[in-house]
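One-letter residues, chain by chain:
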Amino acid sequence: TMEKIADNLCFEGRQQRFTHSSSTLGCEMNFSIYLPPQAEQQAVPLLYWLSGLTCTDENFVQKAGAQRYAAELGVGLVCPDTSPRGEDVPDDPEGAWDFGQGAGFYVNATRSPWSTHYRMYDYVVEELPALMEEHFAVDPERRAIFGHSMGGHGALSIALKNPGRYTSVSAFAPIVAPSQCPWGEKAFSNYLGDDREAWLAHDSCELIRTAETRIPMLVDQGLADDFLEEQLKPELLEAACEENGYPATVRRHPGYDHSYFFIASFVGSHIGFHANELQRER
């Protein structure tokens, strides 16, 4: 059961927000969706956006300025929340912002108490697309994925694990190697346990090293990003790509930081990148 909680006209398309009961996560979840004007006449390709730490489904919708480009190119945009939510959903016991609610890391947790609700991988890969394809004018054969920071990790790792499901993947300032940075180590040790080998199934660099299928990949990184050296480490992604001959475009931008000002500056090129792949003859 879904309930519409917001509906706005935007560039002749509809920016909408829904709440629904998620069987995967065991809680109520919100998501936002932009349907371009072309959806009035035909099923449109759908681009999934995964947000970063502390974000909800609304940050990208309100700050990125993406609807203009989606309307021009006839691409839908869907934005899930970043974690399960609710009073019964466990949170960081110390109240930190980099773990727990708002920080699901797009994995299926295997450790208690997180494993009951924190199954964001299945939610993004299975449950949410099923909802989209049942209720909206979207083409089930044409989907792509992109994201920011923790969501960049999610987009890259999910696309690499499911190359047949996505035409392309891109990311802004992604956590490319969560098994080698403090944010990822904290999340993975809690969600997945202490076996670091198990973490590699969700580490984009390791997935690139073992990938047999290639899909188009674009990554943008600001060089004034406060998290660049400790958490993001794009050079590790480039090394993994070189090791396996995986083609990826990694662009560095002097002066840009980790904020939505950075995302808004380049989101048009990302949507154009995906639209080109989504509309290519298969």
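Scroll up to find the structure this text is about.
Remember, predicted model here, so these are calculated numbers, not experimental data. (Residues numbered from 1 in each chain as written. Predicted model: local features only at pLDDT ≥ 70, side-chain atom pairs only at ≥ 80, totals over all residues. Heavy atoms only, no water.)

## Some words on the sheet that holds strand E3 (residues 27-35)
The mixed open sheet is built from nine strands, whose spatial order is E1-E2-E3-E5-E4-E6-E7-E8-E9. Taken across any chain shown, the strands that pair with only one partner, and hence form the sheet edges, are strand E1 (2-10) and strand E9 (249-253). Within this sheet the neighbouring strands show an average axis-to-axis angle of 20°, counted without direction. With six bridges connecting them, strand E4 (residues 44-50) and strand E6 (residues 138-148) associate as parallel partners. Bridging from a neighbouring strand, Leu46 pairs with Arg143 of E6. Across the sheet, helix H3 (residues 120-135) lies against E1, strand E2 (13-22), E3, E4, strand E5 (76-80) and E6, angled at about 55° from E3, the strand it touches most. Most of the contacts of helix H9 (residues 234-244) go to E9, to which it runs at about 155°, and overall it touches strand E8 (217-222) and E9. (Pairing = 2+ DSSP bridges. Helix = DSSP H or I, 4+ residues; strand = E, 2+ residues; numbered from the N terminus. Axes fitted to C-alpha atoms, helices over the stretch in contact; angles between N-to-C directions. Contact = heavy atoms within 4.5 Å.)

## Thoughts on the nonpolar core
By size, the foremost hydrophobic cluster in this structure holds 91 residues, and its most contacted members are Phe31, Phe60, Met132, Ile145 and Tyr191. Beyond its immediate sequence surroundings of up to four residues, Phe60 is in contact with Trp49, Ser51, Ala66, Leu77, Cys79, Phe146, Tyr260, Ile263 and Val267. (Core = buried A, V, L, I, M, F, W, Y, C linked by side-chain atoms within 4.5 Å. Buried < 20%, exposed > 50% of the residue type's maximum accessible area, 1.4 Å probe, protein only.)

## Some points on the environment of Ala71
Relative to the helices and strands, Ala71 is located in helix H2 (residues 67-73). A relative accessible area of 10% means that Ala71 is categorised as buried. Separated by 36 residues in the primary sequence, Ala71 and Leu35 place their C-alpha atoms 8.0 Å from one another. Once you skip the residues sitting within four places of it in the chain, Ala71 turns out to touch Phe11, Tyr34, Pro36, Pro37 and Gln38.

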